[in-house]
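The residues making up each chain are set out below.
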Amino acid sequence: MSMKRKLLIGPLIILLALSAVLTALGASEDKAKEEDTRDAIVMDVTYGYDNRAKGGRYVPLDVSLGNNRQQPFEGTLQVMAMESDYEVYRYDYPVEIEAGKDLEMHLYIPMGNRSEQLFVAVVDAKDEQVAHKRMKIDFSLDVPELFVGILSDTPEPLTAGWNGVGVDHGMLRTRAIAFDTADFPDNELGLDMIDVMLISNYRIRDLSEKQSQVLIGWVRNGGTMILGTGMRADDTLGRFAPELLEEMYDEPQMRQVDMGANYAQDGPGDAVVTIPCVEFALSGGNVIMADESLPLLSSVTYRRGIVAVAAYDFADIGEFCQQNPSYLDQLLTGVLGESRINSVAESVYSGNSGQYWSVRDMINTGNVKMLPNIGLYTLEIVIYVFLVGLGMYVFLKQRDLTEYYRSSVVGLSIIFTMIIWLMGSKTRFRDTFYTYARFLEVTWDTVSDTTYMNIRAPYSKPYEAGLPAEYSVKPVTQNNYGTEASGSSRRFTGAENYRVRVWHKPEETKVFIRNIPAFEPRYFQLNKIDDNKEGIGFEGDIEIEQGSYTGTITNRFKEKLENCVVLFYGKMIYLGDMEPGETVSLDGLDVLVCPLKHSYEVASYLSGERSFKKSDISDDRYVEAVEKTNLFTFYLDNFMPEYSPNAKVVGIYSQNEEENRRFAKADKAEGKTVAASDISVYSSDEEVIYRSGLVRTPSVLGGSYDSANNTLYGADPVTLEYALGNDVRIEKLIFQYVSPEFVADRKGSDLSLFKGNIYFYNHNTGKYDLMDAMKQEYEAYDLTSYLSPGNTITIKYVYENMTDYNWNILLPMLSIVGREY
C-alpha cells in the first residue's frame, strides 16, 4: 500500500504544480490582455474656444487619439449631446488608426441650448467601448454672452479691454476670444459660435485662401466684422476697399480725436487722444460715431452681415477702452442694433424655438395629391351597404338561392376590401419620405446652400434616412417649456439611449431615428458652401435716377425660375417667370413700396395666393401658391438684410424627381428651391446719393412707435427725430407711402395706411409747422428751417382717429437725395 501510495502521490504533485503554473500563466495573460485593452486607445478631448461654448451653435471639438496596440485600430467615435427638447442625439464618425500612431480629429458638434455636458466615447468593431470621456460645458446662464473674436498681432490689450463689457444696458456681456493665423478656422462652422469678429493691427492677407473664404462667408451669412485701421489701414481695410469704399482713402495722419465729452474725467479736453486716423467713406454706409472733423466709426450691410470700419486702430485706444468700457458698450450697441442684440439675448432663454416654429410652418406639409378621394370612398361604402343588405338578399331570393346569402356577404366583403386596398395604393406611404425647402445664395464665386428638411416615416419602428455627405447636419428643435417650467428638467447622464443618430460616413451621412410615433416630424438644417463652377445665378445692372430704376436682369440658372422679383429696401419690382438665359428689362415696370417686416403680406402678393377668394386644397394652383408664400415668408424673415443699398433678385424652382433622389437619396422627396443673387445699384450721377431715411433708427420723442415695422400704435401722436446723415448735403426729402396692393381690401389684414396731419419742427421758431399731407417731395429750400446742423429732422404724426387705440398704422418711408460734402 505504501508503495502504491507513493506512486500515486508523485504524479499528483506534478499535476498540481503544472496546473498552478498554467493558472498563473493564464491569469498573467488575462491581466496583460486587460491592461492592453484598457490602455490600447488613449483619448484627450477639448471643446469650444478657451473651453467656452454657446448653446444652440456648432461647438468645436478637438479629439486626440493614440493607438498603443501592435495592430491597426478600426472603430467609431461617438459624441452624445442633449438638444433643447431634452432628447439625446448621437454623432458618429469612423476612426482608423495605424499601430502605434496618433490621430487628430477636429469636429463641429451641434449642441442644444443649455446643454451642460457632452459624452465622447470610442468603440471598436464589436461595439465595445475602449475609451470614454465626459465633458462639462462651461457657459453663462445668467447673462447672455456676446462672443467677440479678436484677430490681431497684439491681442493681449484688446482681449483685456473687450472682455466682460456690458452691452445695451447689460443685456449682453462680451467674452473675448483671441485667434492667431495658425488656429483661425478653415471650416465655415468654425466661426458659428462667434458673434463679432474684431480685426485690428493685423494683416488679413496672412490668412490662407480657405481661411479668407471662411471669414467672408461668415460675414455674408450674418456675422458682424469690425475693422480697425490707423497706420495699418492697408492691412485691414485694403482687402475690402474695392467692395466697401466709394473712393480710395488717403494716407493715415496723426489727429486729435475727441472720444466724447462724457468720457472726460477732469476737464473738457480730457477725452481727447492723439492717434493715427484714416478718413474714408463707405458706399451706402451709416455713420455711427463721429467727432467734429471726421467719422470715427461707420457700418454697412454685407449681405446678411455687417462690416463696421473705424478710423483708428483699436490697439491705439486699448488703454482708453480699458478705462472706459462704456465706450465699447456704445460702439457695439450702435454697430449691432436692437434687433441683433435681442436675437443673441433671446437665444439663451428660448434656444432655437423661433427657428423651429418657422421651419415647421414652412415644411410641415405634404402632397395633397396623396390624400384619398373621400367622395369615391363614400360611394363605394354606399354600394357595399346596399349590396350586402337589400340588393344581395332580393337578388338571391328571386332565384331561390337564399341559403347562399351568408357566403355571398363574406365574398362581397372580401372583394370590396381588395377594392379599397387597391384604391389606397396610390395614397399609401410605405417608407421614409422627405419634405424640404432649399435656399441658394449665389455670388459670382460661391454658392451657399441652406436646406431645411423634414424626415418622417409611416410607422413607429426605427428607420433611417440618407443625406449627401458634403452637408453639415444640425437638428432643428424647440425648447421644452413645459418640462423646464415644472422644474423637472431631464438630467443628462450619458447612459441614455439616443433618439437620433447621425453617422457621418465618407460616402454619405446616415440618420437613424427610433422610438418616435408614426408620421412625427424630425427637422434638420443642412449647410454647405461650394465654388460657383457652373456660373449660375442672376446677373444684371440696375441704375437709379430720380427714384426710377432702369437696367436688365438675366437668369443664368439652368432651371426656369418662377415668381421672380427684385427686392430693394422697402421696395420691389415684380418680374414674373424667367426661362434659363432669359433677360428682362426693368424699364417701365412698376415699383411697389413694401411694408417693412410684414413678410406675409409681401410673400402672399408675390406667390399669387391673395388672388384666390377662398382656401381650396383640391385646387393644385392654390396649394402651390400657399407653398410659395411659406417659402417667400421664411426667406424674407431670415435671409434678407435689414438694410442694403443694393438689390436682391429672388425666384423659385422645383427640382425634378431624379434630382430629388440624388439630393435626398430617397424615392419620396418633395420640395422647392429659392434662389437669389445680389445686384449692385448705381446712381446715374456718381455724385448723387440716394438713401433711405430709415438707415438709422429714428429717435422716439413722443408716442408709441415700432421701428422694425415703421408703424405707430396707441392713442397718442408720434414724434420722431430722423438722422439723415451728416455726410451728405440734402437736396430732396421724399415721403413714400406703402403701395395699396399690400393693404387695400386685404381680407384679414390689420395694416392701415397713415391718414392724418404731419408737422415739421421749425428750429427758428421752436414750434411745429403743419405740412401739406398730400405733398410727398420737399426740395432743399423747403427744408431750410427744419433741418438741424447735424442733418436731423423732427416730425410729428397725428393720426386722424386718435380717440381709439390704434395698431399697425403704416407711416410713410423717408428717402433722401443729396450729394457728398
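This is a predicted model, so every value here is computed, not measured.

Criteria and thresholds
Residues numbered from 1 in each chain as written. Predicted model: local features only at pLDDT ≥ 70, side-chain atom pairs only at ≥ 80, totals over all residues. Heavy atoms only, no water. Helix = DSSP H or I, 4+ residues; strand = E, 2+ residues; numbered from the N terminus. Contact = heavy atoms within 4.5 Å. Areas by Shrake-Rupley, 256 points an atom, 1.4 Å probe, with all protein chains shown as cover. Buried < 20%, exposed > 50% of the residue type's maximum accessible area, 1.4 Å probe, protein only. Pairing = 2+ DSSP bridges. Right-handed = clockwise from strand over helix to strand, strands pointing away. Core = buried A, V, L, I, M, F, W, Y, C linked by side-chain atoms within 4.5 Å. Arc of directions from axis to C-beta. Salt bridge = Lys/Arg side-chain N within 4 Å of Asp/Glu carboxyl O. Axes fitted to C-alpha atoms, helices over the stretch in contact; angles between N-to-C directions. Expected span 1.5 Å × (residues − 1). Polar contact = N/O pair within 3.5 Å; in protein donor to acceptor, adjacent residues only side chain to side chain. Phe/Tyr/Trp six-rings, centres within 6.5 Å; stacked < 30°, edge-to-face > 60°. pLDDT = per-residue confidence, 0-100. Parallel < 35°, antiparallel > 145°, perpendicular 65-115°, else oblique. Left-handed = near helix turned anticlockwise from the far one by under 90°. Nonpolar A, V, L, I, M, F, W, Y, C, P; charged D, E, K, R; others polar. Patch = residues over 30% accessible without salt bridge, like charges linked within 9 Å, V, L, I, M, F, W, Y side chains within 5 Å. Lys, Arg positive; Asp, Glu negative; His and termini not counted. Charge placed at Lys NZ, Arg CZ, Asp CG, Glu CD.

A. Structural detail: the overall build of the protein. On a plain count of helices and strands, the protein comes out with 14 helices and 46 strands. Taking the contacts inside the protein whose residues are at least 6 apart along the sequence as the reference set, 70% of them involve residues at least 24 apart. Roughly 39,500 Å² of accessible area belongs to the protein as shown, and the carbon and sulfur atoms make up 50% of that amount.

B. Representation of the pairing of strand E12 (residues 224–227) within the structure. On E12, burial covers both faces: Thr224 and Ile226 on one face and Met225 and Leu227 on the other are all buried. With four bridges connecting them, strand E11 (residues 196–199) and E12 associate as parallel partners. Bridge assignment links Ile199 to a residue of E12, and that residue is Leu227. Tracing the backbone out of E11, into helix H3 (residues 209–220) and back to the parallel element E12 gives a crossover that is right-handed. The pairing of E12 with strand E17 (residues 305–310) spans four bridges and is classified as parallel. Within the sheet, the bridge partner assigned to Thr224 lies in E17 and is Ile306.

C. A look at the nonpolar core. With 126 residues, the main nonpolar core has Leu61, Leu77, Trp162, Tyr312, Phe314, Tyr327 and Leu331 as its most contacted residues. Here this core gets nine residues from one element, more than from any other, and that element is helix H7 (residues 325–350). Residue contacts for Phe314: discarding those within four places in its chain leaves Leu158, Trp162, Leu198, Ser200, Ile226, Leu227, Gly228 and Leu331. Counting 34 residues, the second-largest nonpolar core is a separate cluster that includes Tyr705, Val718, Val728 and Leu814.

D. Main features of unusual backbone geometry. Although it is not a glycine, Asp127 adopts a positive phi angle of roughly 65°. Mapping Asp127 onto the fold places it in the loop between strand E6 (117–124) and strand E7 (129–136). We note that His169 has phi near 60°; this positive angle belongs to a residue other than glycine.

E. Structural view of helix H2 (residues 155–162). Considered for burial, the residues of H2 that qualify are Pro155, Leu158, Gly161 and Trp162. Each buried residue of H2 lies within a common arc of 140° when the element is viewed along its axis, so the set occupies one face. Taken from the residues just after H2, Gly164 is the one with a positive phi, measuring 75°.

F. Inspection of the pattern of salt bridges at higher detail. All told, the structure shown has 38 salt bridges when counted by the stated rule. The partner of Glu145 in a salt bridge is Arg175, and the shortest N-O contact between them spans 3.1 Å. Taken together, the residues Glu145 in strand E8 (residues 145–151) and Arg175 in strand E10 (residues 172–179) connect sequence positions 30 residues apart. We classify Glu145 as buried; its relative accessible area is 5%. Members of the salt-bridge network, linked through shared partners, are Glu87, Arg499, Glu520 and Arg522.

G. Just the sheet that holds strand E44 (residues 792–799), in detail. As summarised here, the arrangement of the five strands in space is E35-E38-E44-E41-E42, forming an open sheet in which the pairing is antiparallel. Among the strands making up the open sheet, the edge pair consists of strand E35 (699–702) and strand E42 (767–771). Pairs of neighbouring strands in the sheet enclose a mean axial angle of 30°, with direction left out of account. Alignment of E35 against strand E38 (residues 718–723), held across three bridges, turns out to be antiparallel. Directly across from Ser699, in E38, lies its bridge partner Glu721.

H. The arrangement of H3 in detail. In this model H3 runs 16 Å from its N-terminal to its C-terminal C-alpha over 12 residues, within 8% of the 16 Å that 1.5 Å per residue would give. With respect to burial, H3 is a largely interior element, nine of its 12 residues being buried. Within H3, burial applies to Gln211, Ser212, Val214, Leu215, Ile216, Gly217, Trp218, Val219 and Arg220. Elements in contact with the buried residues of H3: E11, E12, strand E16 (295–302), E17 and strand E19 (446–456). Two residues or fewer after H3 comes Gly222, characterised by a positive phi angle close to 125°.

I. View of the side chain of Thr174. Along the chain, the position of Thr174 falls in strand E10. A polar contact of 2.6 Å, which involves the side chain of Thr174, links it to the backbone oxygen of Trp162. In this structure Thr174 touches Leu146, Val148, Trp162, Asn163, Gly164, Val165, Val167 and Leu332, once residues within four positions along its chain are discounted.

J. Just the packing of aromatic side chains, in detail. Under the defined criterion, the tally for this structure stands at 32 aromatic pairs. When the centroid spacing of 5.6 Å and the interplanar angle of 70° are considered together, the rings of Phe179 and Phe184 count as edge-to-face. Of the two residues, Phe179 and Phe184, neither departs from the other in class, the shared state being buried. Seen in terms of ring centroids, Phe439 and Phe639 are 4.9 Å apart; in terms of plane orientation they differ by 25°. Their pairing is stacked. Of this pair, Phe439 sits in strand E18 (residues 433–442) while Phe639 sits in the loop between helix H13 (620–638) and strand E31 (647–654), and the two are 200 residues apart along the sequence. Each residue in the set Phe439, Tyr452, Phe634, Tyr635 and Phe639 is aromatic and connected to the rest through ring pairs, giving one cluster.

K. Region of the structure containing the sheet that holds strand E27 (residues 561–568). Read across the open sheet, the nine strands follow the order E21-E24-E19-E18-E32-E31-E27-E28-E30; overall the sheet is mixed. Each edge of the sheet is formed by a strand with only one pairing partner; in this case those strands are strand E21 (472–475) and strand E30 (592–593). With 10 bridges joining them, E18 and E19 adopt antiparallel strand pairing. Paired with Arg438 across the strands is Thr451, a residue of E19.

L. The arrangement of the confidence of the model for the protein in detail. Mean pLDDT over the protein: 85, with 88% of residues reaching 70 or higher. Contacts of residues 482–488 to residues separated by more than four positions or lying in other chains number seven contacts, the stretch itself having pLDDT below 50.

M. Structural context of the packing of helix H12 (residues 599–607) against H13. Interhelical geometry of H12 versus H13 gives an angle of 140° and a closest axis separation of 8 Å. Between H12 and H13, the interaxial angle falls into the category oblique. Crossing angle aside, the handedness with which H12 passes H13 is right-handed. Contacts between H12 and H13 pair Ser599, Tyr600, Val602, Ala603, Ser604, Leu606 and Ser607 from the former with Ala625, Lys628, Thr629, Phe632, Thr633, Leu636 and Asp637 from the latter. Broken down by class, the residue content of the contact of H12 with H13 amounts to seven nonpolar, five polar and two charged.

N. Highlighting a negative patch on the surface. Taken together, Asp234, Glu246, Glu247, Asp250, Glu251 and Glu820 make up a surface patch of like negative charges. Examined against the element boundaries, Glu251 turns out to sit in the loop between helix H5 (241–244) and strand E13 (253–258). Glu251 sits in the exposed class, given a relative accessible area of 63%.

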